[in-house]
Amino acid sequence: EKGGFDHYMLKEIYQQPKTIADAMRGRINAKQGIITLGGINEFENRFLNADRIIIAACGTSWIAGLIGEHLFEDLARIPTEVEYASEFRYRNPIIKNNDIVLAISQSGETADTIAALELARDRDALLYGICNVVGSSIARMTDAGSYIHAGPEIGVASTKAFTGQLVLLTLMALQLARKKGTISSSYFFQLLNELENIPAKVESLLQNDAKIKYVAQEIKDANNALYLGRGYNFPVALEGALKLKEISYIHAEGYPAAEMKHGPIALIDENMPVIVVASNDSTREKVISNIQEVKARKGKVIAIIKEGDQAIEKLVDYAIEIPDTEEPLSPLLSVIPLQLLAYHIAILRDCNVDQPRNLAKSVTVE
Ligand code: F6R
């Protein structure tokens, strides 16, 4: 049932060209420029008049929420907040009846996320769910929602569910942006067409796996690692760090690249691998200077770069290429080498990648 792969996690990483396509299937009419998510259509007025979207989630799903915040604000111009469900539920948050509370959960059974929704329901917010498990508690208790249709995710470390969540957040933001007129029609079509190109681009970047395996060998003995990114790819840095720590037990932190000089730079020496997501155009020059700051302190830099970006390639110790894409979609590509890097490092350290110690696939107690 592992389909020829050694582990479920690897199988699930390699399924992503298909699961990303499945998350879009039947929801896009590219010719007419129509995106149809039933849950949004049903509550169209609530969405179009929403003062705010509050995203509540845990772990990797919370990180997907951070990218959702960029998408909703950047494309649909809806103020968005992202909350750890466990904090939100206990801090007497302000929730109004014009707010939409969006729960993101692979399992649909996470106790803290359920409690956050109960609180929001008491305050009359509209509850929306992005879940993978059909018929799960969160899917049932929300007013509306969308499944990601990724199929069962067995590896404890979430991979294909994360990219599925990103597809749904992108579709939601685009559907709302189209209806609200917050992006131009040409940009809308550009993003829509590019979204449909993503599965093939994922397929092509998976072919760099040998290089990623080689890089894993070079950093497998580190005790710490730092992940940096900016903009849409700052949450990807968080996700890369989370994947590494949960399956390889190497301590890792994700940081916005520019925050490095406000603290973590003190940690950098020749033993500190720094993984930089350097594939965005809009912040390219700034990320280059962040890389130079690390190199000046003898840090080892592994960069995720846009295909053919020789200038960055020359600066760093190891470069992993990904295809070029539109920036709002770039996390769908840039996260995948980081999933593979964590996987290969964990294997080299003899860790149980599918069932890391102390972790459960679904956290039904708070
Ligand atoms: C990390 C991971 C966890 C989950 C978190 C939320 O790889 O899998 O951090 O993302 O426990 O779970 P769901 O999405 O089921 O609510």
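None of these values were measured; they are calculated from a predicted model.

K.L.:
Provide a residue-level description of the sheet that holds strand S7 (residues 144–147), including the pertinent values.
P.N.:
Read from one edge of the open sheet, five strands run S4-S3-S5-S6-S7, paired in parallel fashion. The open sheet has two edge strands with one neighbour each: strand S4 (80–84) and S7. Here the strands of the sheet are splayed against their neighbours by 20 degrees on average, with no regard to which way each runs. Pairing of strand S3 (residues 52–57) with S4, which is carried by five bridges, proceeds in the parallel orientation.

K.L.:
Before we move on, can you summarise the pattern of salt bridges with the specific residues and values?
P.N.:
It is possible for side chains bearing opposite charge to pair when their charged atoms get close. Tallied over the entire structure, the rule returns 18 salt bridges. Here Asp112 ties to Arg89 by a salt bridge, and the two come within 2.6 Å at their closest N and O atoms. Of this pair, Asp112 sits in helix H7 (residues 111–122) while Arg89 sits in the loop between helix H6 (85–88) and strand S5 (99–105); the two residues are 23 residues apart in sequence, bridging distant segments of the chain. Across the pair, exposure class does not vary: Asp112 and Arg89 are buried alike. In this structure, a network of salt bridges that share partners links the residues Lys18, Asp22 and Arg25.

K.L.:
Describe the site of the ligand, with residues and values.
P.N.:
With respect to spatial proximity, 13 residues lie near the ligand, and among them Ser61, Ser105, Ser107, Thr110 and Glu246 are the closest. Within the side chain of Ser107, one N or O atom sits 2.7 Å away from an oxygen atom of the ligand. Contact between the ligand and Ser158: an oxygen atom at 2.9 Å from a main-chain N or O atom of the residue. Protein contact buries 90% of the 400 Å² of open area that the ligand shows by itself.

Cut-offs applied
Residues numbered from 1 in each chain as written. Predicted model: local features only at pLDDT ≥ 70, side-chain atom pairs only at ≥ 80, totals over all residues. Heavy atoms only, no water. Pairing = 2+ DSSP bridges. Helix = DSSP H or I, 4+ residues; strand = E, 2+ residues; numbered from the N terminus. Axes fitted to C-alpha atoms, helices over the stretch in contact; angles between N-to-C directions. Salt bridge = Lys/Arg side-chain N within 4 Å of Asp/Glu carboxyl O. Buried < 20%, exposed > 50% of the residue type's maximum accessible area, 1.4 Å probe, protein only. Near = heavy atom within 4 Å. Polar contact = N/O pair within 3.5 Å; in protein donor to acceptor, adjacent residues only side chain to side chain. Areas by Shrake-Rupley, 256 points an atom, 1.4 Å probe, with all protein chains shown as cover.

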